[in-house]
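# A look at the structure
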Amino acid sequence: MGNQLFQEARRFVEMAKDAGPESRESAVAKAKNALSSAFANSTFAEQRQLQEMQQELDQIT
């Protein structure tokens, strides 16, 4: 099954990347919250991927 919080964070980041201008701010906020929740409960390898996802979010805001 894998790390559920990690999977959720990935899903929210993808949603934020696909969000239109009118909903992007809210989608990014949700994605950042999901990333924060996932980070503490992830392996080192997952944490590196989460950091990459954070960078992707930073580029769209």
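A few points on the structure. (Residues numbered from 1 in each chain as written. Predicted model: local features only at pLDDT ≥ 70, side-chain atom pairs only at ≥ 80, totals over all residues. Heavy atoms only, no water.)

This part covers the packing of aromatic side chains. A full pass over the atoms with the stated rule returns 0 aromatic pairs. The ring of Phe12 has Arg11 sitting right over it, with the charged end atom 4.8 Å from the ring centre. (Phe/Tyr/Trp six-rings, centres within 6.5 Å; stacked < 30°, edge-to-face > 60°. Lys NZ or Arg CZ within 6 Å of the ring centre and 35° of its normal.)

With that settled, the discussion passes to the packing of helix H1 (residues 4-18) against helix H2 (residues 24-39). Where H1 meets H2, the closest approach of the two axes is 8 Å, and the angle between their N-to-C directions is 160°. In terms of their interaxial angle, H1 and H2 are classed as roughly antiparallel. You can see that H1 and H2 cross each other, and the crossing is left-handed. Between H1 and H2, the contacting residues are Leu5, Phe6, Ala9, Phe12, Val13 and Ala16 on the first element and Arg24, Ala27, Val28, Lys30, Ala31, Ala34, Leu35, Ser37 and Ala38 on the second. For the contact of H1 with H2, a count of residues per class yields 12 nonpolar, 1 polar and 2 charged. (Axes fitted to C-alpha atoms, helices over the stretch in contact; angles between N-to-C directions. Helix = DSSP H or I, 4+ residues; strand = E, 2+ residues; numbered from the N terminus. Parallel < 35°, antiparallel > 145°, perpendicular 65-115°, else oblique. Left-handed = near helix turned anticlockwise from the far one by under 90°. Contact = heavy atoms within 4.5 Å. Nonpolar A, V, L, I, M, F, W, Y, C, P; charged D, E, K, R; others polar.)

Attention shifts here to the environment of Gln51. Within the secondary structure, Gln51 sits in helix H3 (residues 44-60). Considered as a pair, Gln51 and Leu35 are 16 residues apart in the sequence and their alpha carbons are 8.5 Å apart.

Position of Ser42 among the secondary structure elements: in the loop between H2 and H3. Residue classification places Ser42 among the buried residues on the basis of a relative accessible area of 13%. Once you skip the residues sitting within four places of it in the chain, Ser42 turns out to touch Asn3, Gln47 and Leu50. (Buried < 20%, exposed > 50% of the residue type's maximum accessible area, 1.4 Å probe, protein only.)

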